[in-house]
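Below are the chains, spelled out letter by letter.
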Amino acid sequence: MALCLARTKMQMQKQKKKTWVKPVQYLMNIGPCRYCKKEMENTESFVAFADKTKAHYQCMKEDDNQRALDKTFE
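Residues numbered from 1 in each chain as written. Predicted model: local features only at pLDDT ≥ 70, side-chain atom pairs only at ≥ 80, totals over all residues. Heavy atoms only, no water.

A. View of the overall build of the chain. Check the secondary structure of the chain and you find 2 helices and 4 strands. Per-residue burial for the chain yields a buried fraction of 11% across its 74 residues. When contacts within the chain are restricted to residue pairs at least 6 apart in sequence, long-range pairs at least 24 apart make up 8% of them. Roughly 7200 Å² of accessible area belongs to the chain as shown, and the carbon and sulfur atoms make up 58% of that amount. (Helix = DSSP H or I, 4+ residues; strand = E, 2+ residues; numbered from the N terminus. Buried < 20%, exposed > 50% of the residue type's maximum accessible area, 1.4 Å probe, protein only. Contact = heavy atoms within 4.5 Å. Areas by Shrake-Rupley, 256 points an atom, 1.4 Å probe, with all protein chains shown as cover.)

Structure follows, in structure tokens:
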């Protein structure tokens, strides 16, 4: 009995094999950067703000560093 259960369990595992096609990556324009005003695509590293504007991650990071430096001189 245990042997039959083991066989049916193995057969069920073989049936669960999933075959799926990897989705195609779409290239979309997401709008201008908040800081440098260049057009951005969804393949680039970017951040979205609460006011629904977007910016390159690097542009935002540079702006944050600049603001931090400006505060230290006040």
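B. Seen up close, the pairing of strand 1 (residues 29–32). One ladder, built from 3 bridges, connects strand 1 with strand 2 (residues 39–41); its direction is antiparallel. The residue of strand 2 that forms the bridge with Asn-29 is Glu-41. Linkage of strand 1 to strand 2, two consecutive antiparallel strands, is achieved through a turn of 6 residues, within which Lys-37 is found at a positive phi near 65°. (Pairing = 2+ DSSP bridges.)

C. Just the packing of aromatic side chains, in detail. Applying the stated criterion to the full structure yields 1 aromatic pair. With 6.5 Å between their ring centres and 80° between their planes, Tyr-35 and Phe-49 make a pair best called edge-to-face. Of this pair, Tyr-35 sits in the loop between strand 1 and strand 2 while Phe-49 sits in the loop between strand 3 (46–48) and strand 4 (54–56), and the two are 14 residues apart along the sequence. A relative accessible area of 29% means that Tyr-35 is categorised as partly exposed. When the ring centre of Phe-49 is taken as origin, the NZ or CZ atom of Arg-34, which lies over that ring, is 4.2 Å away. (Phe/Tyr/Trp six-rings, centres within 6.5 Å; stacked < 30°, edge-to-face > 60°. Lys NZ or Arg CZ within 6 Å of the ring centre and 35° of its normal.)

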